[in-house]
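# Residue-level structural notes
Listed here are the chains, written in short residue letters.
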Amino acid sequence: MYCKLALAAIAAMSMGANAMVVTDPTATTRASIKRDIKTPDPVPVAGQEAAVELMKTGRMYRYNVPNAESSIVSQCEKDVADYTGHKYCVALNSCGSALMLMLKCTGLEHGDKVISNAFTFGAVPSAIEHAGGKAVYVESDYNHVIDVADLNKKLEANPDCKHVLVSHMRGKVGDMDAILEACEKHGATLLEDCAHSLGVEWKGKHTGHMGKVCGISSQSYKMINSGEGGFLLTDDADVAARCAVYAGAYEGLASKHMTVPGPEAFGDLPNQLPNYSLRMSAVSAAIIKPQLLTLDERIEKYNRRYNALTAKLEERVGEHMSIPVNTPGVTQPVHDSIQFNLGKQFTEEMIQEFLDECGAHGLPVELFGHKSNARNFVNWGFAPADDPLPMTGEMLSRACDCRMPLMWDDKDFDDMADVISEAIEAVVAKNA
């Protein structure tokens, strides 16, 4: 009997010890990720087959067709324009080309200033430089959108600036009514970088309608995937005609487009403008076209997973982080990735410890403010900021970014929530 009591006491002590371990994230069995965070969306079978058929014929050049209706690129342009609600669409080799061309097509001259977000991808200031402009940066806030007060300040300080290029970084959209009002007040043309906002709606309309022109992307980590690619979208006939010519519609080839204006809009443009050869290939268009049919279905899946993930994080470690809030006016978000800001109690060393903890458990979380991150404005030596950007710098120093691959299973996002939460708990416990 005494032996049984002793064994029971030992078992109880053991259970108690184990219960204590569960509350210590540094000592318990930790969650881990076994999947590749950079898994892109696959090309639908219909896109694969269409691309192979094109390669069999060798007709991969967009204009090697008898007419516009038989061009897969023209068909794809029409599908994109129908989805976003724009009148004109020109398919290009990248969204960077679309951004560069929208500046040139709206009158940017060499040396002109272009106001843009301080928080964006390096391709945006690169496009400004490519077009011959000089970037002037506006602060971004903890919701990862452009700060309207600083936009007004920069417009007042730069009365000669006639272009504002707003980037909807990671699908985060600022107060577009206030942004447009500021542009109109100062006589600046508003342009939109929608590389990350395909599917995102502002007051019931697709992003890209507040500005005169917008560009979307089909680079591999976007909502449509052709490896590289982009589209310029507008309701302005002159901009569309100029874009088509710049992209490579020479010798009347604009007639093989379905989503550009008629010949009256082109006039003598093919003789006046250079041909930059920025066309999208037929293979890319064939790959993209079937993906447009599943956009809404994929958006619903992304948003459902994002809402579940953020709810778990806020419940467990919400006191140690903030998650960007959608601007009122965004009627449909698209969350194909997650961003969050570590709390201000996190020192630089603690932030690095958090990143290391996540990485050690299979989840590569990126810090926007890292010295090697192409989204950190201090790394843009080709287009440096002339003025300090303390708000953006502070935000970037604790703003984290993580992909949410569509091909993962729902359970993988439970693991993601656990890895992030346990990493935060471990760092907090270590530095208590």
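Let me begin by describing the structure that accompanies this report. All values reported here derive from a predicted model rather than from experimental measurement.

In this structure, Leu 92, Leu 101, Leu 165 and Leu 232 are the most contacted members of the largest nonpolar core, which totals 50 residues. Only β1 (88-92), α4 (95-105), α5 (123-130), β3 (134-138), α8 (237-247) and α14 (390-396) provide two or more residues apiece to this core. No other element matches α4, which puts eight residues into this core. For Leu 165, the residues in contact, after removing those within four places along its chain, are Leu 99, Met 102, Val 114, Ile 115, Ser 116, Asn 117, Val 124, Ile 128, Leu 191, Glu 192 and Asp 193.

Considered as a void within the structure, the largest pocket measures approximately 620 Å³ in volume. What lines the largest pocket is a set of 37 residues, among which Arg 170, His 196, Gln 219, Tyr 221 and Lys 222 lie closest to the centre. At three residues, the largest contribution of residues to the lining of the largest pocket is made by α4. Residues belonging to the lining of the largest pocket are distributed by class as follows: 16 nonpolar, twelve polar and nine charged.

Another point: the pattern of salt bridges. Going through the model one piece at a time under the given rule, you end up with 26 salt bridges. Measuring nitrogen to oxygen at the nearest pair gives 3.2 Å for the salt bridge that ties Lys 56 to Glu 53. With Lys 56 and Glu 53 both in helix α2 (residues 45-57) and three residues apart, this pair spans about one turn of that helix. A residue is classified by how much of its surface remains accessible, and Lys 56, at 62% relative accessible area, is exposed. Judged by relative accessible area, Glu 53 falls into the partly exposed class, the value being 44%. For Lys 312, the salt bridge goes to Asp 414, with nearest N and O atoms at 3.2 Å. With Lys 312 in helix α12 (residues 295-317) and Asp 414 in helix α15 (residues 410-430), the pair connects residues that are 102 residues apart, well separated along the chain. One network of salt bridges, in which partners are shared, links Arg 30, Arg 316, Glu 357, Asp 418, Glu 422 and Glu 425.

All right, on to the sheet that holds strand β11 (residues 330-332) then. If you trace the three strands from one edge of the open sheet to the other, you get β7-β6-β11, paired in antiparallel fashion. Either end of the sheet is taken by a strand with one partner, and the two such strands are β7 (205-206) and β11. As judged from the two bridges shared by strand β6 (residues 201-202) and β11, these two strands associate in the antiparallel manner. Directly across from Trp 202, in β11, lies its bridge partner Val 330.

With that settled, the discussion passes to the packing of aromatic side chains. As enumerated under the stated definition, the model contains six aromatic pairs in all. Look at Phe 119 and Phe 368: their rings are 4.8 Å apart centre to centre, the planes differ by 65°, and that puts the pair in the edge-to-face class. With a gap of 249 residues between them, Phe 119 in the loop between β2 (113-117) and α5 and Phe 368 in the loop between β13 (366-367) and α14 connect regions that are remote in the sequence. Side by side, Phe 119 and Phe 368 carry an identical accessibility label, which is buried. Lying across the ring of Tyr 221, Arg 403 places its NZ or CZ 3.8 Å from the centre.

Okay, the packing of helix α13 (residues 348-360) against α15 next. In contact at an axis separation of 9 Å, α13 and α15 are set at 140° when each is read in the N-to-C sense. Our classification of the angle between α13 and α15 gives oblique. Considering the relative orientation of α13 and α15, their crossing is right-handed. Where α13 abuts α15, its residues Met 350, Glu 353, Phe 354, Glu 357 and Cys 358 lie against Val 419, Ile 420, Ala 423, Ile 424, Ala 426, Val 427 and Lys 430. Its residues placed into classes, the contact of α13 with α15 shows nine nonpolar, no polar and three charged.

The next thing to look at is a nonpolar patch on the surface. A cluster of nonpolar side chains, namely Val 52, Met 55 and Met 60, defines an oily patch on the protein surface of about 250 Å² accessible area. Tracing the backbone shows Met 60 in the loop between α2 and α3 (72-84). For Met 60, a relative accessible area of 35% puts it in the partly exposed group.

Enumeration over the complete set of coordinates arrives at one cavity of 30 Å³ or more. Space inside the largest cavity adds up to approximately 60 Å³. Considering the residues around the largest cavity, the lining is formed by 13 residues, among which Gly 171, Lys 172, Val 173, Asn 326 and Val 330 are closest to the centre. Residues of the lining of the largest cavity, tallied by class, amount to seven nonpolar, five polar and one charged.

Attention shifts here to the pairing of strand β12 (residues 337-342). Two faces make up the sheet, and in a regular strand the side chains alternate between them. Counting buried positions over the six residues of β12 gives six, a clear majority of the element. Alternating positions in β12 separate into two faces, Ser 337, Gln 339 and Asn 341 on one and Ile 338, Phe 340 and Leu 342 on the other, with burial throughout. Examined bridge by bridge, β12 and strand β14 (residues 399-403) share five bridges and lie antiparallel to one another. Residue Phe 340 lies in a different strand from β14, and its bridge partner there is Cys 400.

This brings us to the packing of α4 against α8. With their axes 9 Å apart at the nearest point, α4 and α8 run at an angle of 125° to one another. When the axis of α4 is compared with that of α8, the two are oblique. The two elements α4 and α8 cross, and the hand of that crossing is right-handed. For the pair formed by α4 and α8, the contact residues are Leu 101, Lys 104 and Cys 105 on the first element and Val 239, Arg 242, Cys 243 and Tyr 246 on the second. Residues belonging to the contact of α4 with α8 are distributed by class as follows: five nonpolar, no polar and two charged.

The rules we used
- Residues numbered from 1 in each chain as written.
- Predicted model: local features only at pLDDT ≥ 70, side-chain atom pairs only at ≥ 80, totals over all residues.
- Heavy atoms only, no water.
- Core = buried A, V, L, I, M, F, W, Y, C linked by side-chain atoms within 4.5 Å.
- Buried < 20%, exposed > 50% of the residue type's maximum accessible area, 1.4 Å probe, protein only.
- Helix = DSSP H or I, 4+ residues; strand = E, 2+ residues; numbered from the N terminus.
- Contact = heavy atoms within 4.5 Å.
- 1 Å grid on protein atoms, 1.4 Å probe; cavity = no way out; pocket = protein on both sides within 12 Å on 5 of 7 lines; lining within 4 Å.
- Points joined across faces, edges and corners; volume = space filled by probe spheres on them.
- Nonpolar A, V, L, I, M, F, W, Y, C, P; charged D, E, K, R; others polar.
- Salt bridge = Lys/Arg side-chain N within 4 Å of Asp/Glu carboxyl O.
- Pairing = 2+ DSSP bridges.
- Phe/Tyr/Trp six-rings, centres within 6.5 Å; stacked < 30°, edge-to-face > 60°.
- Lys NZ or Arg CZ within 6 Å of the ring centre and 35° of its normal.
- Axes fitted to C-alpha atoms, helices over the stretch in contact; angles between N-to-C directions.
- Parallel < 35°, antiparallel > 145°, perpendicular 65-115°, else oblique.
- Left-handed = near helix turned anticlockwise from the far one by under 90°.
- Patch = residues over 30% accessible without salt bridge, like charges linked within 9 Å, V, L, I, M, F, W, Y side chains within 5 Å.
- Areas by Shrake-Rupley, 256 points an atom, 1.4 Å probe, with all protein chains shown as cover.

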